[in-house]
Amino acid sequence: MQAINHLNNRLSLICFAITLLIFTFVTYPGATEGTIDPVVWYFNSRPILIAFYIVLLSFCVIIVSRPYLCKIDIYLISRIIICLIPVLYIPDSSSLSAHYPVVILTFMSFIIGSNNQWKDEQLYRYILIICACVWSFQVFRTSMMADVSYSSLEYKSYIRIPIAASNVIAAYLAPISFLVAFGFKCRKLLKYLIFSFICFAIVLTKSRGGVLSLVITYFIYLVVFKYKISIPQTLFFFLLFFSILYFLFDKIPAVKVFLLGFEAEASSYDFSGLSSGRLEIYAHELKRFLTHPLFGNGMIFNDTTSTSGAHNFIIELLVQSGIVGAMTYLIPIILIIKKYLKQGLDEISLGWLLMIICFIIGGLEEVTFFNYSTDFIFWTACGLVYSKKCK
């Protein structure tokens with residue numbers, strides 16, 4: 001039995017490495033609407049199909065020898081069923097075949113991650129950090145080859161590498177940076193260089209969401225885990241941070257362009273403009289949710305509903321699968337973090353926790369969750385974290 005478990009562990013690791021390798025170097029022209037095709041080298045094919053079948057094959061081998069289903073498994077299996085219910089009352093299922101496999105992938109990724117032993121976390125950490133370095137180099141190369149300057153409003157449309165475009169790239173790099181900062185076993189100089197390189201790439205993506213998720217997660221680390229400061233002190237530092245941000249916004253044009261994007265040339269600003277129209281998107285998507293609040297509206301993306309999603313993964317959960325479906329996604333995350341915190345946090349464990357928190361924060365204002373690469377990385381990491389045994 002031990003030999004079978006060891007082989008399954010190696011299979012999980014190989015599946016993780018190969019899948020990320022595919023997402024790193026495989027794409028096709030026009031894969032991301034509204035952006036320029038990648039200028040860095042890539043293999044022209046359909047990465048999603050290849051990756052899905054690799055994960056499916058690995059999952060089938062692993063699940064055969066899995067002796068039981070845990071609570072997280074049951075929730076995620078329930079979600080697979082619940083997400084099909086809207087088909088019964090929503091006649092348009094044109095987008096289902098493209099988006100429903102991600103729901104299945106969530107469960108399979110968790111199984112692959114939880115199949116491992118915690119002692120393997122360094123191997124998974126190395127794989128993610130190597131990928132982040134490659135993505136950072138691809139961003140740097142793309143930025144250097146862009147036909148417009150960094151200050152141009154059109155700059156972001158040029159930042160496209162095989163795995164994703166600007167905002168989503170930053171949404172991957174920011175969480176992985178915490179694996180470098182906490183628990184990465186290497187020389188300090190190398191750690192600082194890698195961390196700085198990844199942060200520089202985040203800035204090059206010109207993604208304010210990526211920068212903010214990085215800053216907010218680090219702030220959570222300082223407040224909750226390092227200094228454990230009081231609520232009044234927390235509010236003070238929040239006010240101080242936003243005061244500094246307002247000063248930079250008012251005095252430095254480059255900061256203004258970075259924060260406002262296409263709204264930078266507007267003569268006046270409101271909350272909708274400052275959020276790049278996200279508040280209007282949230283209002284529209286919440287109205288969709290209220291039409292079918294229990295089981296949602298299904299995975300429908302078209303010109304009359306939503307072509308790009310809600311830009312907030314909780315609202316998107318409510319729209320897609322209603323309150324019931326959202327609970328089957330959110331409760332597992334809460335249970336995983338709760339179990340993890342009970343075990344005590346050393347520096348190694350803290351890095352993975354901050355990575356998961358950063359992914360969640362990034363998903364609150366960007367379309368990151370519910371795509372193949374994000375859910376694969378996030379839920380494999382959640383599975384790995386869940387596999388850590390209580391002390």
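One can find the structure itself at the top, above this paragraph.
Presented here is a report on the structure given in the accompanying data block. The structure presented is a predicted model; accordingly, all values stated were derived computationally and were not measured.

## Points about the overall build of the chain
So, point 1. Check the secondary structure of the chain and you find 15 helices and 4 strands.
So, point 2. The buried share of the chain, taken over its 391 residues, is 52%.
So, point 3. Counted over contacts in the chain with a minimum sequence separation of 6, partners at least 24 positions apart contribute 75%.
So, point 4. Just so you have it, the chain exposes about 18600 Å², and 70% of that area is on carbon and sulfur atoms.

## A look at the packing of helix α6 (residues 166-181) against helix α8 (residues 208-226)
So, point 1. Viewed as axis vectors pointing N to C, α6 and α8 meet at an angle of 25 degrees, and their least axial separation amounts to 8 Å. One element, α6, and the other, α8, form an angle in the roughly parallel class. The chirality of how α6 crosses α8 is right-handed. Taken together, the residues of α8 that come into contact with α6 (itself represented by Ala170, Ala174, Ser177 and Phe178) are Gly210, Ser213, Leu214, Thr217 and Tyr218.
So, point 2. The residue inventory of the contact of α6 with α8, partitioned by class, reads 5 nonpolar, 4 polar and no charged.

## Here we look at the pattern of salt bridges
So, point 1. A complete count under the given rule lists 3 salt bridges for this structure.
So, point 2. Where Arg10 meets Asp120, a salt bridge forms, and the shortest distance between an N and an O atom there is 3.0 Å. In this pair, Arg10 sits in helix α1 (residues 2-25) while Asp120 sits in the loop between α4 (96-114) and α5 (121-145), placing the two residues 110 residues apart along the sequence.
So, point 3. Residue Arg10 is classed as partly exposed on the basis of its relative accessible area, which comes to 26%.

## Comments concerning the nonpolar core
So, point 1. Leu128, Trp135, Trp352, Phe378 and Trp379 are the most contacted members of the largest nonpolar core, which has 98 residues in total.
So, point 2. Looking at which element gives the most residues to this core, the answer is helix α13 (residues 313-342), with 12 residues.
So, point 3. In this structure, Trp379 is in contact with Leu76, Thr106, Ser109, Phe110, Tyr329, Pro332, Ile333 and Ile336, ignoring residues within four places of it in sequence.

## Details of the side chain of Ser157
So, point 1. Here Ser157 is to be found in the loop between α5 and β3 (160-161).
So, point 2. Looking at Ser157, its side chain comes within polar contact range of the main-chain oxygen of Glu154, at 2.7 Å.

## Considering a nonpolar patch on the surface
So, point 1. On the surface, Val39, Phe137, Phe140, Met144, Met145 and Phe200 cluster together to form a nonpolar patch covering roughly 560 Å² of accessible area.
So, point 2. Ranked by residue count, the leading element in the nonpolar patch is α5, at 4 residues.
So, point 3. Among the secondary structure elements, Met144 is positioned in helix α5.
So, point 4. The exposure class of Met144 is exposed, given its relative accessible area of 51%.

## Observations concerning the packing of aromatic side chains
So, point 1. Tallying each qualifying case throughout the model produces 24 aromatic pairs.
So, point 2. Consider the rings of Tyr329 and Phe369, whose centres lie 6.5 Å apart with planes at 80 degrees: the pair is edge-to-face. Highlighted residues: Tyr329 in helix α13 and Phe369 in the loop between α14 (347-363) and α15 (372-386), separated in sequence by 40 residues. This pair shows no difference in class: Tyr329 is buried, exactly as Phe369 is.
So, point 3. Considering the side-chain rings of Tyr329 and Trp379, the 5.3 Å spacing of their centres and the 80 degrees angle between planes classify their relative orientation as edge-to-face.

## Regarding the packing of helix α3 (residues 71-82) against α13
So, point 1. α13 packs onto α3 with a crossing angle of 170 degrees between their chain directions and a minimal axis gap of 9 Å. Of the possible angle classes, the one that applies to α3 and α13 is roughly antiparallel. Of α13, the residues touching α3 (which contributes Ile72, Tyr75, Leu76, Ser78, Arg79 and Ile82) are Leu317, Gln320, Ser321, Val324, Gly325, Thr328, Tyr329, Ile331, Pro332, Leu335 and Ile336.
So, point 2. Counted by class, the contact of α3 with α13 contains 11 nonpolar, 5 polar and 1 charged residues.

## Considerations on α13
So, point 1. With 30 residues, α13 ought to run about 44 Å at 1.5 Å a step, yet its terminal C-alpha atoms sit only 26 Å apart, falling short of that.
So, point 2. Along α13, the sharpest kink reaches roughly 120 degrees, centred on Ser321.
So, point 3. Between the side-chain oxygen of the N-cap and the backbone nitrogen of Ile314 there are 3.0 Å, and the N-cap of α13 in question is Asn312.

Definitions and limits used
- Residues numbered from 1 in each chain as written.
- Predicted model: local features only at pLDDT ≥ 70, side-chain atom pairs only at ≥ 80, totals over all residues.
- Heavy atoms only, no water.
- Helix = DSSP H or I, 4+ residues; strand = E, 2+ residues; numbered from the N terminus.
- Buried < 20%, exposed > 50% of the residue type's maximum accessible area, 1.4 Å probe, protein only.
- Contact = heavy atoms within 4.5 Å.
- Areas by Shrake-Rupley, 256 points an atom, 1.4 Å probe, with all protein chains shown as cover.
- Axes fitted to C-alpha atoms, helices over the stretch in contact; angles between N-to-C directions.
- Parallel < 35°, antiparallel > 145°, perpendicular 65-115°, else oblique.
- Left-handed = near helix turned anticlockwise from the far one by under 90°.
- Nonpolar A, V, L, I, M, F, W, Y, C, P; charged D, E, K, R; others polar.
- Salt bridge = Lys/Arg side-chain N within 4 Å of Asp/Glu carboxyl O.
- Core = buried A, V, L, I, M, F, W, Y, C linked by side-chain atoms within 4.5 Å.
- Polar contact = N/O pair within 3.5 Å; in protein donor to acceptor, adjacent residues only side chain to side chain.
- Patch = residues over 30% accessible without salt bridge, like charges linked within 9 Å, V, L, I, M, F, W, Y side chains within 5 Å.
- Phe/Tyr/Trp six-rings, centres within 6.5 Å; stacked < 30°, edge-to-face > 60°.
- Expected span 1.5 Å × (residues − 1).
- Bend = angle between axes of the 7 residues up to and from the residue.

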